[in-house]
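Residue-level structure breakdown
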Amino acid sequence: MNNIVNSFTSWQPLEEVIVGRAYRPDYFEFLEDSQVRNQLQQILAETEEDLDNLAKTIEQFGARVRRPDLVDKEQFIIGQIHSSGAPLPPLTPRDWQITLGNRLLRVLPMGELNNLCAEYAAAQPGSVVDPHGGRWNPDCILNGASASCIVRVGRDVFFDNSDYLRPDQTRWIVDNVLGPEYRIHEAVTDGHGDAVFAILKPGVILSSKHDQNLNFERDFPGWEVCKVWDSSIWAAIEVGKFKAESTPGAWYVTGQTPSEQFIRFVDTYLSKWTGFVQETVFDVNCLVLDESHVIFSAYNKDVFDFCRKHRIEPIISELRHSYFWDGGISCCTQDIRRRGGLETYL
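The notes below deal with the structure included here. Small disclaimer: the values here were computed from a predicted structure and weren't measured.

Taken together, the three strands give an open sheet; going across it, the order is 2-1-15, and neighbouring strands pair in mixed fashion. A single partner strand is all that each edge strand has here, and the edge strands are strand 2 (64–66) and strand 15 (333–338). Strand after strand, the sheet turns through a mean of 25° between neighbouring axes, direction not considered. As paired strands, strand 1 (residues 14–19) and strand 2 are joined by three bridges and run parallel to one another. Note on strand 2: the bridge partner recorded for I18 is R66. Lying on the sheet, helix 1 (residues 34–59) is in contact with strand 1, strand 2 and strand 15; it crosses strand 1 at an angle near 170°. Packing of helix 4 (residues 114–123) onto the sheet brings it into contact with strand 1, strand 2 and strand 15, and relative to strand 2 it is tilted by some 130°.

Take a look at the structure:
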């Protein structure tokens, strides 16, 4: 019987993946300020529409798509009325967990993923490693870590020991999840290493301007690297899609004028949702379906030319609000199963 949980790289043929989910617009129907409510609901509606389209695109290539649950709406609303901020939606599963070989490591607990993880654990006993016990554990060694700091290259696994992963957390993962058959490397990028460089297939790497601490010649000898200096979001800004210059700090919503009320609302109540978008290179944040097909959220000529040079077809699945969520295609997905086993590539 084939393993349900099985992924050793980011490029072997994708068979099952989790695609994240945003809150539905009706979760914020209780907001009294109509301008704030309308702008937020449009972001949520368009985000879910884009994620649905992403799921359909993946399914067209034969992979099964799973989606997280959402918390109960009424309890969510009650919680927001009596709190100072909305919790993160289950939008970016790759931050919370990662498949390492035949084991699914829950680096951080996300309740909306509990049912899926329980299903995987029942179907493949021992496949889910959850040091938190299914809920927030203040004493768990992995608190504060991010699964995005781990890059899988078959037998070689790279750990980004920096802002979002401490060396002692790396050691725990090595000792409790990985076996002696793996070779461990350090690749420091100051956090979210899998969004700093992406391996599209053996010998082909897409990287970003944040890779200055990486040594590709040493770690990936003979592999070709395409460095992306600026995200395609900056081209979008230049043509006026994201009009932050008109209202500093504005969150642009198509067809609506950015309002000071909405800016204050996001900064006050949704600060957990947003990031420092200026530093993110979304074109590296992609999902490899197989060695011939990769999904990106926007067109980038240099990236697409590089892909076609290596016989890779780039596929666009738009995420209109990447700049709001500070998350790209890779962030919004987490592979559960890819066809193939443990191989040596380096």
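Right, picking up where we left off after that structure.
Read from one edge of the open sheet, three strands run 3-4-5, paired in mixed fashion. Two strands lie at the open edges of the sheet, namely strand 3 (97–100) and strand 5 (128–129), each paired on one side alone. Strand direction decides the pairing type here: strand 3 and strand 4 (residues 103–106), joined by four bridges, are antiparallel. Pairing of T99 across the sheet is with L104, part of strand 4. Where helix 4 meets the sheet, it contacts strand 3, strand 4 and strand 5, and its direction lies at approximately 150° from that of strand 4.

Relative to the elements of secondary structure, D160 occurs in the loop between strand 7 (156–159) and helix 5 (167–176). One buried charged residue, D160, forms no salt bridge at all, with the nearest opposite charge on R94 at 9.4 Å. Among the polar contacts listed, one links the side chain of D160 to the side chain of S162, at a separation of 2.7 Å.

Once that is clear, we can look at unusual backbone geometry. Notably, R311 is not glycine yet its phi reads approximately 60°, a positive angle. Relative to the helices and strands, R311 resides in the loop between helix 9 (301–309) and strand 14 (313–316). Judged by its relative accessible area of 75%, R311 is exposed. You will see that D326, though not glycine, has its phi angle at about 55°, which is positive. Among the structural elements, D326 can be located in the loop between helix 10 (322–325) and strand 15.

Calculation criteria
- For every chain, the first residue of the written sequence is number 1, and numbering continues from 1 along that sequence.
- Selection of residues for local features in this predicted model requires a pLDDT of at least 70, selection of side-chain atom pairs for listing and counting requires 80 or more, and totals for whole chains, interfaces and linings are taken over all residues.
- Values shown for side chains rest on all heavy atoms present in the structure; no hydrogens or waters enter the calculation.
- Any two strands are treated as partners once DSSP identifies two or more bridges connecting them.
- Secondary structure counts use DSSP, requiring at least four H or I residues in a row for a helix and at least two E residues in a row for a strand, with both numbered from the N terminus.
- All axes here are fitted lines through C-alpha atoms, helices being fitted over the stretch that makes contact, and every angle between N-to-C directions spans 0 to 180 degrees.
- Any two residues having at least one pair of non-hydrogen atoms within 4.5 Å are treated as being in contact.
- Only protein chains enter the calculation, and the probe is 1.4 Å; a residue is then buried if its accessible area is under 20% of its type maximum, exposed if over 50%, and partly exposed in between.
- In this charge count, Lys and Arg are treated as positive and Asp and Glu as negative; neither His nor the chain ends contribute.
- Any Lys or Arg side-chain nitrogen located within 4 Å of an Asp or Glu carboxyl oxygen qualifies as a salt bridge.
- Within 3.5 Å is the distance limit for a polar contact, defined as a pair of N or O atoms, with the added protein rule that one can donate a hydrogen and the other accept it, and that residues adjacent in sequence qualify only through two side-chain atoms.

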